[in-house]
Amino acid sequence: MANSASKTLLKGLSLSQLEDFVQRQGMQPYRARQLFHWMYRKNVPLIAEMTTLKKSVREFLETHAEINLLRLSHAITSEYEPAQKFLFELPDAERVESVYMEADNRRTICVSSQAGCALKCDFCATGLMGQIRNLTPGEIVDQVLWVERHTKKEATNVVMMGMGEPFLNYDAVIQAAELMSHPDGIAISKRKITISTSGIIPAILRFADEGQRFKLAISLNATTAEDRRRLMPITKKFTLAKLLDAARYYTERSGQRVTFEYVLLRHVNDSLLDAKRLRRLLANIPCKINLIPYNAVDLGYESSTEERIQQFVSELATFPAPVTVRRSQGRDIQAACGQLFVQRADQKARRRSRALSM
Ligand code: SF4
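An account of the accompanying structure is given in this report. (Residues numbered from 1 in each chain as written. Predicted model: local features only at pLDDT ≥ 70, side-chain atom pairs only at ≥ 80, totals over all residues. Heavy atoms only, no water.)

### Observations regarding the overall build of the protein
Here comes step 1: In terms of regular secondary structure, the protein is built from 11 helices and 14 strands.
Here comes step 2: Here the protein holds 358 residues, and 53% of them are scored as buried.
Here comes step 3: Long-range contacts, defined here as pairs at least 24 residues apart, represent 67% of the contacts in the protein between residues at least 6 apart.
Here comes step 4: On the protein, roughly 16300 Å² of surface is accessible, and the fraction owed to carbon and sulfur atoms is 49%. (Helix = DSSP H or I, 4+ residues; strand = E, 2+ residues; numbered from the N terminus. Buried < 20%, exposed > 50% of the residue type's maximum accessible area, 1.4 Å probe, protein only. Contact = heavy atoms within 4.5 Å. Areas by Shrake-Rupley, 256 points an atom, 1.4 Å probe, with all protein chains shown as cover.)

Written out as structure tokens, the structure is:
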């Protein structure tokens, strides 16, 4: 892939694609493995730092190739928790967010798979942006590399729960996940890389049929077809009943559990009746349930109270599989996807309108 200045973008290329690249440039084949190692294992930000390459090779690459795909646009560090949020600018000036979180000896990076999102879930700030474009494998994997460099910490887990619907960018997401898990590169275990979908059924079936070993999560968020259609319009195309069938199919084909994520929205989906229905809906699917207190955005939804969360959890006490509550990190850094982007866009718009009215 070449950018507008006709430089080849190396970040995101697999080892075999790098082999094609070095062959086309008339370089020795072993240069591909060196490039792979420097980009994904040593995580250097500059070609000039690839010191096992001859100076003439480095100079050639600096003229004809690029390895940096992200420019930091804004960062916020939580005052209360080990969490940071980053807003990145892509080569075409589109922007995406990533989040770094630490908890229970896990260092997790949440990455975006698309700039914007077409699915317009009613409670999600990213949905307000609409669809902009898919990210390339390099733009996805570079979020992990950039955050690891910046925090000086190696991630133990990656979740594709940032901006966008990963399964509407399936090939790039799988290639990026392969790069994250490659033993000669970033080397994160496949079972520590979670791909979270809102319910793109054909992609769930494909993921199962391909025998992918990455973890699958499904963002459920409602216990009736009607509620889910209202919260997540994608349900009009892929119904709740068929989504649950697809989840069951995945567990049968893969022998793995699926994680159901459930964002708790106060007085919308957090009643005891919802908890009862959730238990019934998922009773026959090998799964885990991850309850996620909502990070309120200005969209008319509120977080469940601690009391309602506890009641919801108690109602699930007899559920025959793990139920966890993600203690929401980063309330003070707008950690839910799209919040930082929308907030910054708002600030820009306000500044522009102030300037116009002066
Ligand atoms: S929740 Fe996920 S799928 Fe829904 S609009 Fe937001 S980014 Fe898209």
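The rest of the description comes next.
### Structural notes on helix α9 (residues 272-282)
Here comes step 1: Three or more residues of α9 are buried, namely Asp 274, Ala 275, Leu 278 and Leu 282. Buried residues of α9, viewed axially, fall in a sector of 100°; they line one side. (Arc of directions from axis to C-beta.)

### Topic: the layout of surface pockets
Here comes step 1: Quantified by volume, the second largest pocket comes out at close to 240 Å³.
Here comes step 2: Together, 15 residues line the second largest pocket, and Arg 41, Asn 43, Glu 148, Glu 154 and Ile 186 are the ones closest to its centre.
Here comes step 3: Its residues assigned to classes, the lining of the second largest pocket comprises 6 nonpolar, 3 polar and 6 charged.
Here comes step 4: Shared between two domains, the lining of the second largest pocket takes at least three residues from each, and those domains are domain 1 (8-66) and domain 2 (71-346). (1 Å grid on protein atoms, 1.4 Å probe; cavity = no way out; pocket = protein on both sides within 12 Å on 5 of 7 lines; lining within 4 Å. Points joined across faces, edges and corners; volume = space filled by probe spheres on them. Nonpolar A, V, L, I, M, F, W, Y, C, P; charged D, E, K, R; others polar. Domains from an automatic or database assignment.)

### Section: the packing of aromatic side chains
Here comes step 1: In this structure the tally under the stated criterion is 10 aromatic pairs.
Here comes step 2: Judged by centre distance (6.4 Å) and plane angle (85°), the rings of Phe 123 and Tyr 294 are edge-to-face. Here Tyr 294 lies in the loop between β13 (287-293) and α10 (306-315) and Phe 123 lies in the loop between β7 (114-116) and β8 (131-134), a separation of 171 residues in the sequence. Accessibility assignment for this pair places Phe 123 and Tyr 294 in one class, buried.
Here comes step 3: A connected cluster of aromatic rings, assembled from ring pairs, spans Phe 167, Tyr 170, Phe 207 and Tyr 250. (Phe/Tyr/Trp six-rings, centres within 6.5 Å; stacked < 30°, edge-to-face > 60°.)

### With respect to the site of the ligand
Here comes step 1: Taken together, 10 residues sit near the ligand, with Cys 117, Lys 120, Cys 121, Cys 124 and Gly 164 positioned nearest.
Here comes step 2: Residues belonging to the shell around the ligand are distributed by class as follows: 5 nonpolar, 4 polar and 1 charged. (Near = heavy atom within 4 Å.)

### Regarding the environment of Leu 216
Here comes step 1: Summarising the element assignment, Leu 216 is placed in strand β11 (residues 215-219).
Here comes step 2: Residue Leu 216 is classed as buried on the basis of its relative accessible area, which comes to 1%.
Here comes step 3: When the C-alpha positions of Leu 216 and Val 258 are compared, they lie 5.6 Å apart, and in sequence the two are 42 residues distant.
Here comes step 4: Setting aside residues no more than four positions away along its own chain, Leu 216 makes contact with Phe 167, Ile 195, Thr 197, Ile 204, Phe 207, Tyr 250, Val 258 and Thr 259.

### Focus on helix α8 (residues 240-254)
Here comes step 1: In this model, α8 (15 residues) spans 21 Å end to end at C-alpha, consistent with the 21 Å of a helix rising 1.5 Å per residue.
Here comes step 2: Inspection of α8 places Leu 240, Leu 243, Leu 244, Ala 246, Ala 247, Tyr 250, Thr 251 and Ser 254 among the buried residues, and these make up the whole buried set. Angular distribution of buried residues about the axis of α8 spans 155°; they occupy a single face of the element. Away from the buried face of α8 by more than 90 degrees, exposed residues Ala 241, Lys 242 and Glu 252 are located.
Here comes step 3: Packed against the buried residues of α8 are α6 (201-209), β11, α7 (225-231), β12 (258-264) and α9. (Expected span 1.5 Å × (residues − 1).)

### Observations regarding the environment of Thr 8
Here comes step 1: Examined against the element boundaries, Thr 8 turns out to sit in strand β1 (residues 8-9).
Here comes step 2: Take Thr 8: its relative accessible area is 15%, and that puts it in the buried class.
Here comes step 3: A sequence separation of 53 residues divides Thr 8 from Leu 61, and the C-alpha atoms of the two residues are 9.0 Å apart.

### As for the nonpolar core
Nonpolar side chains in soluble globular proteins tend to be buried together.
Here comes step 1: If you look at the biggest cluster of nonpolar residues, it comprises 104 residues, and the most contacted ones within it are Leu 10, Leu 61, Met 180, Phe 260 and Leu 282.
Here comes step 2: The greatest single-element share of this core, amounting to 8 residues, is contributed by helix α5 (residues 170-181).
Here comes step 3: Domain assignment of the residues forming this core places at least three in each of domain 1 (8-66) and domain 2 (71-346).
Here comes step 4: The residues touching Leu 10, leaving out its near neighbours within four places in the chain, are Leu 18, Phe 21, Leu 35, Met 39, Tyr 40, Leu 61, Ala 65, Glu 66 and Ile 67. (Core = buried A, V, L, I, M, F, W, Y, C linked by side-chain atoms within 4.5 Å.)

### Description of the sheet that holds β12
Here comes step 1: Taken in spatial order, the 10 strands line up as β3-β4-β5-β6-β9-β10-β11-β12-β13-β14 in an open sheet, and their pairing is mixed. The sheet is open, and its two borders are formed by β3 (71-77) and β14 (323-325), each paired with just one other strand. Pairs of neighbouring strands in the sheet enclose a mean axial angle of 20°, with direction left out of account.
Here comes step 2: One ladder, built from 3 bridges, connects β13 with β14; its direction is parallel. Across the sheet, Ile 289 pairs through a bridge with Val 323, a residue of β14. (Pairing = 2+ DSSP bridges. Axes fitted to C-alpha atoms, helices over the stretch in contact; angles between N-to-C directions.)

Function cannot be read off these values alone, since they describe shape.
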